[in-house]
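Structural features, examined
Here are the chains, one letter per residue:
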Amino acid sequence: MSEEKFVIEIKKRPWYEWLLWAIWLFALVFLVQNAVASGVELEPRAAAIFWVMFIVFLLGGGVVWFVRRNQ
């Protein structure tokens, strides 16, 4: 019988990369909050703009993660 061992490797990232991800997450929360608030205040144009910006930021972060995941 052979024993298979799995190793989890945690890569250290520079501090500025963590800062940029935190800013990205803050921007997503900010955009969702403004989109919901604009929808509640019956401002459909502003809500639509914020939802589109949220989707663009979300997809942009996903693309950056996908491109950099194997580095």
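For the structure, check the block above.
Read on for a plain summary of the structure.

A separate point is a nonpolar patch on the surface. A cluster of nonpolar side chains, Trp15, Tyr16, Leu19, Leu20 and Ile23, forms an exposed patch at the surface whose accessible area comes to about 600 Å². Within the fold, Trp15 resides in helix H1 (residues 15-40). Using a relative accessible area of 64% as the deciding quantity, one classes Trp15 as exposed.

Right, let's get into the environment of Val7. As for its position among the elements, Val7 is in the segment before H1. Overall, Val7 belongs to the exposed group, its relative accessible area being 74%. For the pair formed by Val7 and Asn34, sequence separation is 27 residues and the distance between their alpha carbons is 43 Å.

Another aspect to go through is the pattern of salt bridges. This structure, assessed with the given rule, holds two salt bridges. A salt bridge links Glu17 to Arg13; the shortest N-O distance between them is 3.3 Å. Owing to a relative accessible area of 38%, Arg13 belongs among the partly exposed residues under this scheme. Close ionic contact of Glu17 with Arg68 constitutes a salt bridge, the shortest N to O distance being 3.2 Å. Here Arg68 lies in helix H2 (residues 44-68) and Glu17 lies in helix H1, a separation of 51 residues in the sequence.

What counts and what doesn't
- Residues numbered from 1 in each chain as written.
- Predicted model: local features only at pLDDT ≥ 70, side-chain atom pairs only at ≥ 80, totals over all residues.
- Heavy atoms only, no water.
- Patch = residues over 30% accessible without salt bridge, like charges linked within 9 Å, V, L, I, M, F, W, Y side chains within 5 Å.
- Areas by Shrake-Rupley, 256 points an atom, 1.4 Å probe, with all protein chains shown as cover.
- Salt bridge = Lys/Arg side-chain N within 4 Å of Asp/Glu carboxyl O.
- Helix = DSSP H or I, 4+ residues; strand = E, 2+ residues; numbered from the N terminus.
- Buried < 20%, exposed > 50% of the residue type's maximum accessible area, 1.4 Å probe, protein only.

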